[in-house]
Amino acid sequence: MTDAEGSLVVTDLRVEFDGFVAVGGVSFDAHPGEVRFLIGPNGAGKTTCIDAITGLSKGTGSAKLGDRELLGRPAQKIVRLGVGRTFQTASVFEKLSVLQNLDIAAGLHRSSLSLLRARKGVDPAIEEALEQTGLSKELETPAGILSHGQKQWLEIAMLLVQDAKLLLLDEPVAGMSHDERTATGELLGRVAETRAVVVVEHDMDFMRRFATRVTVLHQGRVLSEGSVAHVQADPKVQEVYLGTVVALPDGPGETQGKEAH
Amino acid sequence: MTKLKPWLPLIGIGVFALLLLVVAPLVLSPHWINNLGKYCTLAIAAVGIGLAWGRGGMLVMGQGVFFGLGAYSMAMHLTLETAGPDSLPIFMILYDPLAALPAFWEPFRSEAFTIAAILLLPVIVASILGYALFKRRVKGAYFAILTQALAVALAVLISSTIRETGGDTGLSDFKYFFGFVLEDEGNKVMVFAIAASLLILSLLAVWQLNRSRFGELLVATRDAEERVRFLGYDPANIKLVAFVVAAVMASIGGAMFVPIVGIITPAEIGASASILMIAGVALGGRASLFGPALGAMAIGWGQSSLGSSWPSGWIYILGLVFILVTLFLPLGLSSLLGRAKDLVWRPRATPLATTSDEVTK
C-alpha cells in the first residue's frame, strides 16, 4: 500500500481512561478506494479508536492522514485536515433544514467575513451530495422530522460536502431496514471510490456484503485482519464470535446492541 | 406570499421605525416621549440578549455589566461636561473640596474618547471574558451564574467607591449632552430619536445576523455544540461573536439610558436589573426578532406605570406573567403568532414542525 495523501495509518494507538486500557496498541490503515470495517464484540474499543483519531478522546501512538499527525490536535483542526465522522446516534441539527445542515457542513473553508452574508442558491457540491444520498426532495425539510435512515444519510452527505478525505462512520446502519442497509452499503461503495472509508459495525451481514477489508478488535487489540473470507476463516475470530455470529441473524430489521463506551 | 416572506421582518422594522420616529413624536406628550426613549434603551440591550440567549443559547444574566460600562462612560462624560472645563464634578467637591480628579475620569472629558469607550470597552471586556469561558467550555447554568456574579460585583464596586463614582447615589444632574442643553424640549426629542434610531439599527443588525450563514451556525451551535466542532468549526469563536455583539448593544443601551433618564446608579446595572432585562426578553420571545425588543419595552412600561402607581402589586403581576409564560409559552408571546397561523392554515401541523418553525423564523 502507498502512503497516498488520503490514507489513514494508525500505529500503536493506545487510549487509557483512569488506568483502564480501552485501546492497547492498535494498528490499522485505510486507503482511498476501500471500505475498511472495524468489527468486534462490545467493549472491543472500536468507537474509542475513532474517538482518539478525531480528537474526542486523548490517545497516544500515532494516527496519520497522509503525512500529517492527527493525535494531539483539537477536534476542529482534525476536521479541517480532512477527517469527517458520524456518531452512533444520528446527530444532525434538528431545527435547521436539510439545506442549512449541509450548508454549515460545506462552510468550513469559507472566510469568516463571508459568514455574515445570507446564503444565495445551493452550492454545486451540496446538490451533488443530495443526489448521491437521495435527499434531493427533502431540501427544505427540517432535519428533525426526517426518518432515522434519512438522518444517517444526511450525516454522510454532510461529510461529503465538507470534502472529507477520510470518513469514519460509527454504526451507520444501526436501526435501518434491510433496504436502507443495502442503499447505505452501495452509497459507501460509491463514496469510497475517491476517499478512505472506515466503518465501525456490529452487523455481520452488512460487513460481509460491503467490506473490502476488515480489522477485528477484541479487548482493545487487533485480533485479526484481512479480507472478509480471511477473517471469517480465522479460528481466533470464530472463538471470540462463537455465539455472537450465530446469534446475529442475517435477516433484516434486527435491533443492534449499542456498544459500550 | 412566499416571495415576500423573507422580507417581512424588514417591513416590520420599517413600520416600527415609522411608529417610533414619526408617529410617536406627533402624538405623545414630552413626558411619554421620554419614557418611550427609556424603553428603547432597554430594548437595545434586549435585542442583544435575544441574539446571545435566544439564538446562541447563552443565558447572559449579567448584561448589567455591559449596560453599566456604557452608562457610566456616558455619565462620566456628561458629568464633566456639566462641571465645565478644568472643574471637578460637584459630588467630588462635596466629599473633599481639595480632591483631584481621578486619573480614569480625565479622558472622559473628550467626546471622541467617550464614544470610543462606549463601543470598545464592552468589546474588550466581553472578548476576554468570553474567550476565557467559552474556550474552557463553561456553559449552561455555570455561565449564567458567573455572568450574574459579575453584575453583582460591578454594582458593589461602584457602591463602595463613593468618592470616585458617586456610589449608591449614582451620577445625575446632567445639563448638557454633547453641547446640547438637555432641558430643552426639542433636544429631548432629538435624544429620544437617537435612542430609537439605535434600536432600529440594532434590529437591522440582528436581522442580518440571523439570516446570514453565521446565524444558522449560531443556532446549530446552540442545539448541538459538539456536532459543530466535528464539522470543523470552533464553537467558542461562534459564541464569542454573538456574546460580544450582545455586549456592545447593552453598552449602547446603557449609554443612551443616561441622558434620557438623567441618572445612573448601581441599582440600574446590578443583579435585579440584569434579571429584569432577561425577563423582558423571555416574555417577548427570545428567539424571535421583535420579541426581545417588545418584551423589554412592555416590562419597562409596566415598571414605570404600574410599578409607580401600584408598586406592591406590580412585582406580583410581573412574577405571575413570568411563571405563565415559562409554563405555557416557553418561546414567549411572539410564539403565539406562529401558533395562531398554524391553527388557521395548518390545522394538522405536527408539534415538531411548529416548534422548529418558530425558532428558525
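These numbers come from a predicted model, not from an experiment. (Residues numbered from 1 in each chain as written. Chains lettered and ligands numbered in written order. Predicted model: local features only at pLDDT ≥ 70, side-chain atom pairs only at ≥ 80, totals over all residues.)

Draft legend 1. Geometry of the overall build of chain A. Secondary structure assignment for chain A yields 10 helices and 10 strands. A globule of 261 residues ought to have a C-alpha radius of gyration of about 18 Å, and chain A, at 18 Å, matches this closely. Based on the C-alpha atoms only, the size of chain A along its principal axes is roughly 55 × 40 × 35 Å. Expressed as a percentage of its 261 residues, the buried residues of chain A come to 47%. Taking as baseline every contact in chain A between residues at least 6 positions apart, the subset at least 24 positions apart corresponds to 69%. (Helix = DSSP H or I, 4+ residues; strand = E, 2+ residues; numbered from the N terminus. Rg over C-alpha atoms; globule rule 2.2 N^0.38 Å. Buried ≥ 20, exposed ≤ 12 C-beta atoms within 10 Å, placed from the backbone. Contact = placed C-beta atoms within 7 Å.)

Draft legend 2. Expanded view of the nonpolar core. Counting residues in each nonpolar core, the largest one holds 175 residues, and the members touching the most others are Ala157 of chain A together with Ala43 and Ala246 of chain B. The element contributing the most residues to this core is helix H11 (residues 235–261) of chain B, with 18 residues. Here Ala157 of chain A is in contact with Leu102, Ala129, Leu130, Thr133 and Leu135 of chain A, once residues within four sequence places are set aside. (Core = buried A, V, L, I, M, F, W, Y, C linked by C-beta atoms within 7 Å.)

Draft legend 3. Quick look at the pairing of strand E3 (residues 35–39) of chain A. Residues and elements named next belong to chain A. In terms of burial, E3 is a largely internal element, 5 of the 5 residues being buried. Of the two faces of E3, both are covered, the one formed by Val35, Phe37 and Ile39 as well as the one formed by Arg36 and Leu38. Here E3 runs beside strand E8 (residues 196–200); their pairing, made up of 4 bridges, is parallel. Its bridge partner being in E8, Arg36 is matched across the sheet by Val198. Summarising the sheet, E3 and strand E9 (residues 213–218) pair through 4 bridges and their orientation is parallel. Pairing of Ile39 across the sheet is with Val216, part of E9. (Pairing = 2+ DSSP bridges.)

Draft legend 4. Inspection of the environment of Lys58 of chain A at higher detail. Residue position: Lys58 of chain A is located in the loop between helix H1 (46–53) and strand E4 (60–65). Through-space distance from the C-alpha of Lys58 of chain A to that of Phe87 of chain A is 17 Å; in sequence the pair is 29 residues apart.

Draft legend 5. How the structure looks around the sheet that holds E3 of chain A. Residue and element names in this part refer to chain A. Sheet architecture is open: 6 strands sit in the order E6-E7-E8-E3-E9-E10, paired in mixed fashion. The strands lining the two open edges of the sheet, one partner per strand, are strand E6 (83–85) and strand E10 (221–226). This sheet shows a mean twist of 20 degrees between the axes of neighbouring strands, independent of strand direction. Relative to E8, strand E7 (residues 166–170) runs parallel, the two sharing 5 bridges. (Axes fitted to C-alpha atoms, helices over the stretch in contact; angles between N-to-C directions.)

Draft legend 6. The pairing of strand E1 (residues 8–17) of chain A, seen in detail. Residues and elements named next belong to chain A. One ladder, built from 5 bridges, connects E1 with E4; its direction is antiparallel. Looking at E4, one finds that Arg14 is bridged to Thr60. In this structure, E1 lies alongside strand E2 (residues 20–30), joined through 8 bridges in antiparallel fashion. Bridged to Val15 within E2 is Val23. Counting the residues that bridge the hairpin from E1 to E2 gives 2 residues, and of these Asp18 lies at a positive phi of roughly 50 degrees.

Draft legend 7. Just the interface of chain A and chain B, in detail. The interface is formed by 27 residues belonging to chain A together with 22 residues belonging to chain B. When residues of the side of chain A that touches chain B are traced back to their parent elements, those giving at least two are helix H2 (75–80) and helix H3 (98–106) of chain A. Looking at the side of chain A that touches chain B, its residues break down into 13 nonpolar, 7 polar and 7 charged. (Nonpolar A, V, L, I, M, F, W, Y, C, P; charged D, E, K, R; others polar.)

Draft legend 8. Layout of helix H12 (residues 271–284) of chain B. Residues and elements named next belong to chain B. The terminal C-alpha atoms of H12, which comprises 14 residues, lie 20 Å apart, in line with the 20 Å expected from a rise of 1.5 Å per residue. Most of H12 sits inside the fold, with 10 of its 14 residues counted as buried. Residues Ala273, Ser274, Met277, Ile278, Ala279, Gly280, Val281, Ala282, Leu283 and Gly284 constitute the buried set of H12. Gly285 sits one or two residues past H12 and shows a positive phi near 120 degrees. (Expected span 1.5 Å × (residues − 1).)

Draft legend 9. Focus on the environment of Leu139 of chain A. All names here are of chain A. The topology assignment puts Leu139 in the loop between helix H4 (124–133) and helix H5 (148–161). Considering only alpha carbons, one finds Leu139 and Glu127, 12 residues apart in sequence, at a separation of 9.5 Å. Contact partners of Leu139, with chain neighbours within four places excluded, come to Val98, Leu99 and Leu130.

Draft legend 10. Structural view of the environment of Trp105 of chain B. Residue and element names in this part refer to chain B. In this structure, Trp105 sits in the loop between helix H4 (90–95) and helix H5 (111–135). Through-space distance from the C-alpha of Trp105 to that of Thr165 is 9.4 Å; in sequence the pair is 60 residues apart. Those residues within four positions of Trp105 in sequence are excluded, and the remaining contacts are Met76 and Leu80.

Draft legend 11. Just unusual backbone geometry, in detail. Its identity is not glycine, yet Asp12 of chain A carries a phi of approximately 50 degrees, on the positive side. Tracing the backbone through its elements, the reader meets Asp12 of chain A in strand E1. Phi is positive for Asp86 of chain B, which is not a glycine, with a value near 65 degrees. With respect to the element layout, Asp86 of chain B can be found in the loop between helix H3 (63–83) and H4.

Draft legend 12. Molecular detail of the confidence of the model for chain A. Predicted confidence across chain A gives a mean pLDDT of 86, with 91% of residues reaching 70 or more. The model gives residues 245–261 of chain A a pLDDT under 50, and that stretch makes 23 contacts with residues more than four places away or in other chains. (pLDDT = per-residue confidence, 0-100.)

Draft legend 13. Looking closely at helix H2 (residues 30–55) of chain B. All names here are of chain B. The first and last C-alpha atoms of H2 sit 36 Å apart over 26 residues, in line with the 38 Å expected at 1.5 Å per residue. Where burial is concerned, most of H2 is hidden: 22 out of the 26 residues are buried. Positioned one or two residues after H2, Gly57 has a phi angle of 75 degrees, which is positive.

Draft legend 14. Main features of the confidence of the model for chain B. All names here are of chain B. Mean pLDDT over chain B stands at 90; residues scoring 70 or higher make up 94%. Per-element averaging of pLDDT across chain B places helix H17 (residues 351–360) at the bottom with 41 and H11 at the top with 97. Ignoring residues within four places in sequence, the model shows residues 347–361, a span with pLDDT below 50, making 23 contacts including any to other chains. If you check the scores for this complex, the pTM reads 0.86 and the ipTM reads 0.79.

Draft legend 15. Summary view of the packing of helix H1 (residues 8–27) of chain B against helix H8 (residues 185–211) of chain B. All names here are of chain B. For the pair H1 and H8, interaxial distance at closest approach is 10 Å and the crossing angle is 175 degrees. On the basis of the axis angle, H1 is roughly antiparallel to H8. Side by side, H1 and H8 meet where Pro9, Leu10, Ile13, Phe16, Ala17, Leu20, Leu21 and Pro25 of the first sit next to Val189, Ala193, Ala196, Ile200, Leu203, Leu204 and Trp207 of the second. Residues belonging to the contact of H1 with H8 are distributed by class as follows: 15 nonpolar, no polar and no charged. (Parallel < 35°, antiparallel > 145°, perpendicular 65-115°, else oblique.)

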